[in-house]
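Chain and residue survey
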Amino acid sequence: MKRLAHLLFAVLVVVFLSSWGGTGHYIISLEAVRSFNTEMQQFVDWANYLAGHASDADSRKSSDPTEAPKHYIDIDNYTEFLANQPMPQSLSEAVSKYGNNFVVDNGTLPWATKATYDSLVIALRNSRIDRAKQLAADLGHYVADGHMPLHLTKNYNGQLTGNTGIHSRYESTMINAHADEFYNSQPREINYVENVQQYIFDYIYYNYKYADSIIDADNYAKSINSDYSSSAYKDALWNNTKGFTKRLFESASQRLAELIYSAWIEAGRPSVTSAVEVNLGRATMFVYPNPTGGQINITYTVLGDGICYLEIYDMLGNALKQYKLQPQPSTTVQLTENLNIPTGVYLFRLSNNNICITQRVLVQKND
């Protein structure tokens, strides 16, 4: 059954890919800050949290059976889409017309995105800032999925056209190999969105068109070299998709910023917490600015005696720097460094015998 196939595929995505790849979701959420306007300066401190929790929704798939359908919609199974007509504006309308099994089987992404937006408005209105940040991170994930064309079609893995496996080859393998090329996107102007549900369907309708372009690129790359692990195949796939893929990433980041802005306005423009910390019980670590040009501040607190270490790794797991720290109990310590490392994404890890905290940091050198 198709529903079972989707669920099994979703499990594989969780284990191996985390949809758009964990890297793709991280980049889209982190880059959203570039489109924050002057009214949203208090949200700038949310950037690290949004990026660090961008794949939380994927992690829930293994424990929450209702989560997986929220990440896709096989929109080409709907008569409204095929006739270029408006889709049912609410989940209840869709279920009333098509039945629950059909709707769940074909995914609920646009309605899940709207429901998350509505919950974000309520959390902001009630000054539940921690909850608002969680919802904004989930919103970023669903918006990003709405900009991954293979999350929008019944041919989601190329299985209908002889391109089986293209989902992971495109969204994970290819993106991970070229991750550095997606940072430093151009900021886009944002506006208040009046009809959020229609806005979501509009970008899904628009992004769907790239599904065929991905299949065409896969066919071309296979004609160059049918070995998917070969450099020739990978280079051909990238060269034939990078133009629109970069646009999809930039659009997803801009639309996430626009939806957070709209939710904040709808909530009455409340004040939000500006400090972001990575917190794990007995320790906290705050790395800023992020992104950074090289100058970095690391503020940390470790509750308890004993030596701890701050280590910096590249994304291949190579240790680049290590600092031996001797903080005093319950005291916050700040370390300021000028990092002499190339542009890229790095992992900062604070650890001792009892705790281990990791935070991703983007270093962008102005060449």
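Read on for an overview of the structure. These numbers come from a predicted model, not from an experiment.

Of regular secondary structure, the protein chain possesses 14 helices and 8 strands. Out of the 367 residues belonging to the protein chain, those deemed buried represent 54%. Here the protein chain has roughly 16,200 Å² of accessible surface; of this, 49% comes from carbon and sulfur atoms.

Let us now look at the packing of helix α9 (residues 129–145) against helix α14 (residues 242–266). Closest axis-to-axis distance for the α9/α14 pair is 9 Å, and the angle between their directions is 140 degrees. Between α9 and α14, the crossing angle belongs to the class labelled oblique. Considering only the axes of α9 and α14, their crossing is right-handed. Facing α9, whose interface residues are Ala136, Leu139, Gly140, Val143 and Ala144, α14 presents Ala252, Arg255, Leu256, Leu259 and Ile260. Looking at the contact of α9 with α14, its residues break down into 8 nonpolar, 1 polar and 1 charged.

Counting 83 residues, the largest nonpolar core has Trp46, Ile73, Met87 and Leu124 as its most contacted members. The greatest single-element share of this core, amounting to 12 residues, is contributed by α14. Setting aside its immediate chain neighbours within four residues, Leu124 contacts Trp46, Ala132, Ala263, Trp264, Ala267, Pro270 and Val272. In this structure, Ile298, Tyr300, Phe348 and Val361 belong to the second largest nonpolar core, which totals 19 residues.

Further remarks concern the pattern of salt bridges. Scanning the model with the defined rule gives 13 salt bridges in all. Shared partners join several salt bridges into a network, and the residues in it are Arg60, Glu67, Lys70 and Asp138.

In this section: the packing of aromatic side chains. Geometry of an aromatic ring pair is reported as the spacing of the ring centres plus the angle between the planes. Inspection of every chain in the model, using the stated rule, returns 17 aromatic pairs. Between Tyr98 and Phe102, the ring centres sit 5.0 Å apart and the planes meet at 15 degrees, which makes this aromatic pair stacked. Look at Phe102 and you get partly exposed, because its relative accessible area is 26%. In textbook terms, an aromatic cluster arises when at least three aromatic residues are bridged by ring pairs, as seen for Phe36, Phe43, Trp46, Tyr261 and Trp264. For Lys133, the ring lying beneath its charged end belongs to Tyr49, and the centroid distance is 4.8 Å. Above the ring of Tyr228, the side-chain terminus of Arg169 is found at 3.7 Å from the ring centroid.

Taking 1.5 Å as the rise per residue, helix α11 (residues 196–208) with 13 residues should run 18 Å; its terminal C-alpha atoms sit 18 Å apart, in good agreement. Buried within α11 are the following residues: Val196, Gln197, Tyr199, Ile200, Phe201, Tyr203, Ile204, Tyr205 and Asn207. Those residues of α11 that are buried lie in contact with α5 (79–82), α8 (109–125), α9, α12 (210–224) and α14.

The antiparallel open sheet is built from 4 strands, whose spatial order is β5-β4-β7-β8. Two strands bound the open sheet, and with one partner strand each, they are β5 (319–325) and β8 (356–363). Across this sheet, the average inter-strand angle for adjacent strands is 20 degrees, counted without regard to direction. In terms of strand pairing, strand β4 (residues 308–314) meets strand β7 (residues 344–351) through 6 bridges, oriented antiparallel. Bridging from a neighbouring strand, Tyr309 pairs with Ser351 of β7.

Our focus in this paragraph is the pairing of β4. Judged by how many residues are buried, β4 sits mostly within the fold: 6 of 7 residues are covered. Pairing analysis gives 6 bridges linking β4 to β5, with the strands arranged antiparallel. In the sheet register, Tyr313 faces β5, and the bridge partner there is Ala319.

The subject of this paragraph is the packing of α11 against α14. One way to put it is that α11 packs onto α14 with a least axis distance of 13 Å and a crossing angle of 180 degrees. Here α11 lies roughly antiparallel to α14, going by the angle between them. Listed contacts from α14 to Val196, Tyr199, Tyr203 and Asn207 of α11 are Leu248, Arg255, Glu258 and Leu259. A per-class count over the contact of α11 with α14 returns 5 nonpolar, 1 polar and 2 charged.

Attention shifts here to the side chain of Gln197. Structurally, Gln197 can be placed in helix α11. Overall, the relative accessible area of 6% leaves Gln197 in the buried class. Among the polar contacts listed, one links the side chain of Gln197 to the backbone oxygen of Pro110, at a separation of 3.2 Å. Not counting chain neighbours up to four residues away, the residues in contact with Gln197 comprise Gln89, Pro110, Trp111 and Lys114.

What counts, and at which threshold
Residues numbered from 1 in each chain as written. Predicted model: local features only at pLDDT ≥ 70, side-chain atom pairs only at ≥ 80, totals over all residues. Heavy atoms only, no water. Helix = DSSP H or I, 4+ residues; strand = E, 2+ residues; numbered from the N terminus. Buried < 20%, exposed > 50% of the residue type's maximum accessible area, 1.4 Å probe, protein only. Areas by Shrake-Rupley, 256 points an atom, 1.4 Å probe, with all protein chains shown as cover. Axes fitted to C-alpha atoms, helices over the stretch in contact; angles between N-to-C directions. Parallel < 35°, antiparallel > 145°, perpendicular 65-115°, else oblique. Left-handed = near helix turned anticlockwise from the far one by under 90°. Contact = heavy atoms within 4.5 Å. Nonpolar A, V, L, I, M, F, W, Y, C, P; charged D, E, K, R; others polar. Core = buried A, V, L, I, M, F, W, Y, C linked by side-chain atoms within 4.5 Å. Salt bridge = Lys/Arg side-chain N within 4 Å of Asp/Glu carboxyl O. Phe/Tyr/Trp six-rings, centres within 6.5 Å; stacked < 30°, edge-to-face > 60°. Lys NZ or Arg CZ within 6 Å of the ring centre and 35° of its normal. Expected span 1.5 Å × (residues − 1). Pairing = 2+ DSSP bridges. Polar contact = N/O pair within 3.5 Å; in protein donor to acceptor, adjacent residues only side chain to side chain.

Functional significance is not addressed by these values, which are geometric in nature.
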